[in-house]
Amino acid sequence: MWDIIKSSTPEILWAGIKYTIPIAIISFAIGLVLAVITALIRISRPQGKSKPLWGGVRAVFSFYVWLFRSTPLLVQLFIVFFGLPNVGIQFDAWTAGIITFSLNTGAYASETIRGALLSIPESQWDAAYSIGMTYRQALFRIVFPQALRVALPPLSNSFIGLVKDTSLASSITIVEMFMVSQQIASNNYQPLLMYSIVAAIYALFCTILSILQHYLEKWTSRYVDALGE
Amino acid sequence: MIKLEHVDKAYRDHHALDDVTVTFDEHKTTVILGPSGAGKSTLLRSLNLLERPQSGTLTIDDLTVDYGANLTNKEILAVRRKMAMVFQSWNLFPHLTILQNITEGPIHVLKQDPVKAKQRAHELLQKVGLDNTADRFPGQLSGGQQQRISICRALAMDPAYILFDEPTSALDPELEAQVLRVLQQLANDGDSLIVVTHNMEFARRVADKIVFVEDGQVDFTGTADDFFNHPTPRIKEFLAAMEF
């Protein structure tokens, strides 16, 4: 058994380093950008001439969030990879995976960020404006750092969830960790052992992320923790 | 000088400001008084465009804006850079240290040299007796200390006018006195202060001019002496209600 573990673990781990981690990190990064844009558009309340146009843009982003939160990730992957070629849009498996995971993460994370931004009192915007800050300065220098503290635990949850969800990429032919373990299991007829190894590697990745989350939370909450000193 | 002319502001069925015309002089302390809900804070917040009246004009020295027009960001920033504000609940930035709270505006808005901005911040902190708090976070200070820091934050912007929105309402009497002493010092230094307050003693002792607001209208403008010693029947009633 040890020989099987010793020979297969590096192969599975390498697939994790080569595919699982990059897919998760790239998709999460793109998803976060999308989430911030979506959240900002959905909380904006413009006045004047641009109001009808803005209402239309907000409706499009609200529809996007609804669509990706209301349908299973596996179905989304299949539509993007197997479905879109029917209408002439074709992606390789890697690109289809990144697009789907990013859009899915963006939809969920946008709700987290929207909630976090709305939790910051209006008085913080007033204070920022009162010293002459622009909207962008007020947002990124004053409101966002405070919202980040609120958003960090649920966003970390989303990221940990995404790392595990990348196993679904095997269904669109990406040879990530789970698929490699399946392939090895089909050769050595040791499915319990192989899937246990891959489960342990997922658990290892997620534990490392949880530790990072702990330190990030401590850093973003340093002004709150200081109250007890 | 700041001049408001024919300013109207309504929230659905409530008229917060009703054809308000009033001036605020430079290097003077103007105190805005009036019963709760009279429109005092709305009037003050209209000066730096935190509230946007539906009509009327605002003139600050050589700058005039029409509230009814679609103001550009440039116009809004030009108005806001002429004044700073101290809030009732101080509204310090909780994630920044005291020093960062004071230098945030000078460094990132006025683009001052960070070393000079920090030096000035320490001077201001010394002026209010809180230089030892520079590296602490706002939540670690008392309400009175936080309000004095928020005055430093306003002063650091070198504004032509400083707006105070009930700066002592959330403080207990001892802390209120600390803050009022700082305000009095600023008034003595010749800063241009516009103060919304319920503290009659402060108004009596410090105000160069009093503006009395009721039901969204300016009912009185004049000296503190006229206001307190020669009141109209309505002001007499208001002053009586403020006493035990």
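A brief report on the enclosed structure follows.

What counts and what doesn't
One numbering rule holds for all chains: residues counted from 1, following each sequence as written. Ligands are numbered from 1 and chains lettered from A, in the order in which they are written. Since the coordinates come from a predicted model, pLDDT governs what is reported: local features require at least 70, and pairs of side-chain atoms require 80 or more to be given and counted, while whole-chain, interface and lining totals use all residues. The basis for the side-chain values is all heavy atoms of the structure; hydrogens and waters are excluded. Paired rings are identified among Phe, Tyr and Trp, the last through its six-membered ring, by centres lying within 6.5 Å, and are further divided according to the angle between planes into stacked (under 30 degrees), edge-to-face (over 60) and tilted (the rest). The secondary structure listing takes helices from DSSP runs of H or I that are at least 4 residues long and strands from runs of E that are at least 2 residues long, numbered from the N terminus. Residue exposure (1.4 Å probe, protein chains only): buried if accessible area is under 20% of the type maximum, exposed if over 50%, otherwise partly exposed. Here, a strand pair is defined by DSSP locating no fewer than two bridges between the strands. A fitted line through C-alpha atoms serves as each axis, taken over the contacting stretch for helices, and the angle formed by two N-to-C directions is quoted from 0 to 180°. Here, residues are in contact when the closest pair of their heavy atoms is within 4.5 Å. When two components associate, each loses some accessible surface as probed by a 1.4 Å sphere; the sum of these losses over both components is called the buried area. Salt bridge, as used here, is a side-chain nitrogen of Lys or Arg placed within 4 Å of a carboxyl oxygen of Asp or Glu. Under this definition, polar contacts are N or O atom pairs within 3.5 Å; protein pairs additionally need one hydrogen-donor-capable and one acceptor-capable atom, and for neighbouring residues in sequence, both atoms have to be side-chain atoms. Amino acids outside the nonpolar list (Ala, Val, Leu, Ile, Met, Phe, Trp, Tyr, Cys, Pro) and the charged list (Asp, Glu, Lys, Arg) are all regarded as polar, and Gly is one of them. By definition in this entry, angles of less than 35 degrees are roughly parallel, angles greater than 145 are roughly antiparallel, angles of 65 to 115 are roughly perpendicular, and the rest are oblique. Each helix crossing is assigned a hand: it is left-handed if the near helix lies turned anticlockwise from the far helix by less than a right angle, otherwise right-handed if that turn is clockwise. Every helix has an expected span of 1.5 Å times one less than the residues it contains. To obtain the arc, one takes the directions from the helix axis to the C-beta atoms. The definition of a right-handed crossover adopted here requires that, viewed with the strands pointing away, the path from the first strand over the helix to the second runs clockwise.

### A short note on the packing of aromatic side chains
The description of an aromatic ring pair uses the distance of the two centres, along with the angle that the planes make with each other.
(1) Moving on: Scanning all chains against the criterion turns up 15 aromatic pairs over all chains.
(2) Moving on: An angle of 50 degrees between the planes, with centres 6.4 Å apart, marks the rings of tyrosine 223 of chain A and phenylalanine 137 of chain B as tilted. Of this pair, tyrosine 223 of chain A sits in helix H9 (residues 222–225) while phenylalanine 137 of chain B sits in the loop between helix H4 (114–127) and helix H5 (143–155), which puts the two residues in different chains. For the pair shown, tyrosine 223 of chain A and phenylalanine 137 of chain B are each scored as buried.

### Structural notes on the sheet that holds strand S7 (residues 161–165) of chain B
All names here are of chain B.
(1) Moving on: The six strands lie next to each other as S6-S7-S8-S3-S9-S10, forming an open sheet whose pairing is mixed. Edge positions in the sheet fall to strand S6 (83–86) and strand S10 (217–222), since each of these pairs with one other strand and no more. Across this sheet, the average inter-strand angle for adjacent strands is 20 degrees, counted without regard to direction.
(2) Moving on: Strand direction decides the pairing type here: strand S9 (residues 209–214) and S10, joined by five bridges, are antiparallel. Bridge pairing in S10 places valine 211 opposite threonine 221.
(3) Moving on: Each of strand S3 (29–33), S6, S7, strand S8 (193–196) and S9 touches helix H1 (residues 40–47); the most contacted strand, S7, lies at about 150 degrees to it.

### Thoughts on the sheet that holds strand S4 (residues 55–60) of chain B
Residues and elements named next belong to chain B.
(1) Moving on: With respect to topology, four strands assemble into an open sheet ordered S2-S1-S4-S5, the strand pairing being antiparallel. With one partner strand each, in any of the chains shown, strand S2 (14–24) and strand S5 (63–66) form the two edges of the open sheet. Direction aside, the axes of adjacent strands within the sheet are offset by 15 degrees on average.
(2) Moving on: The pairing of strand S1 (residues 2–11) with S2 spans seven bridges and is classified as antiparallel. For leucine 4, the partnering residue across the bridge sits in S2 and is valine 22.
(3) Moving on: Running at roughly 60 degrees to S2, H1 makes contact with S1, S2 and S4 of the sheet.
(4) Moving on: Of the strands in this sheet, S4 and S5 are in contact with helix H2 (residues 73–80), which crosses S5 at around 125 degrees.

### Some words on the interface of chain B and chain A
(1) Moving on: Listed as interface residues are 26 residues of chain B and, on the opposing side, 21 residues of chain A.
(2) Moving on: Across the chain B/chain A interface, buried area totals approximately 2100 Å², and carbon plus sulfur atoms make up 61% of it.
(3) Moving on: The interface formed by chain B and chain A holds two salt bridges in total.
(4) Moving on: The closest approach of N and O atoms between arginine 141 of chain A and glutamate 104 of chain B, which form a salt bridge, is 2.4 Å.
(5) Moving on: There are nine residue pairs in polar contact (both at pLDDT 80 or more) connecting chain B and chain A.
(6) Moving on: For the side of chain B that touches chain A, the secondary-structure elements that each account for two or more residues are H2, S6 and helix H3 (98–108) of chain B.
(7) Moving on: In terms of residue class, the side of chain B that touches chain A is built from 13 nonpolar, seven polar and six charged.

### Section: the packing of helix H5 (residues 122–130) of chain A against helix H6 (residues 135–165) of chain A
Residue and element names in this part refer to chain A.
(1) Moving on: Remark: H5 packs on H6, axes separated minimally by 9 Å, with the N-to-C direction vectors making an angle of 140 degrees. Classified by the angle their axes make, H5 and H6 are oblique. Considering the relative orientation of H5 and H6, their crossing is right-handed. Across the interface between the two elements, Gln124, Trp125, Ala128 and Tyr129 of H5 pack against Tyr135, Ala138, Leu139, Ile142, Val143 and Gln146 of H6.
(2) Moving on: Here the contact of H5 with H6 is built from residues that sort into eight nonpolar, two polar and no charged.

### Some thoughts on helix H2 (residues 51–70) of chain A
Residues and elements named next belong to chain A.
(1) Moving on: Its 20 residues place the ends of H2 28 Å apart at the C-alpha level, agreeing with the 28 Å of an ideal helix rising 1.5 Å per residue.
(2) Moving on: What H2 keeps buried is the set Phe61, Tyr64, Val65 and Phe68. For H2, the arc enclosing every buried residue in end-on projection is 95 degrees, short of the 170-degree limit, so these residues lie on one face. Summarising the geometry of H2, the exposed residues directed more than 90 degrees from the buried face are Pro52 and Trp66.
(3) Moving on: Its buried side turned inward, H2 meets helix H1 (2–43), helix H3 (73–83) and helix H4 (93–119).

### Looking at the pairing of S7 of chain B
Residues and elements named next belong to chain B.
(1) Moving on: Among the five residues in S7, five count as buried, and that is most of the element.
(2) Moving on: Burial along S7 is two-sided: Tyr161, Leu163 and Asp165 facing one way and Ile162 and Phe164 facing the other are all buried.
(3) Moving on: Two elements, S6 and S7, share four bridges in a ladder whose sense is parallel. Within the sheet, the bridge partner assigned to valine 86 lies in S7 and is phenylalanine 164.
(4) Moving on: Note that the unit made of S7, helix H6 (residues 173–188) and S8 has a crossover that is right-handed.

### Thoughts on the pattern of salt bridges
(1) Moving on: The tally for this structure, following the rule as stated, stands at 12 salt bridges over all chains.
(2) Moving on: Here arginine 42 of chain A ties to glutamate 111 of chain A by a salt bridge, and the two come within 2.7 Å at their closest N and O atoms. Linking arginine 42 of chain A in helix H1 with glutamate 111 of chain A in helix H4, this pair joins segments that are 69 residues apart in sequence.
(3) Moving on: For arginine 45 of chain B, the salt bridge identified is with glutamate 51 of chain B, shortest N-O distance 3.3 Å. For the residue pair arginine 45 of chain B and glutamate 51 of chain B, the accessibility class agrees, reading buried in each case.

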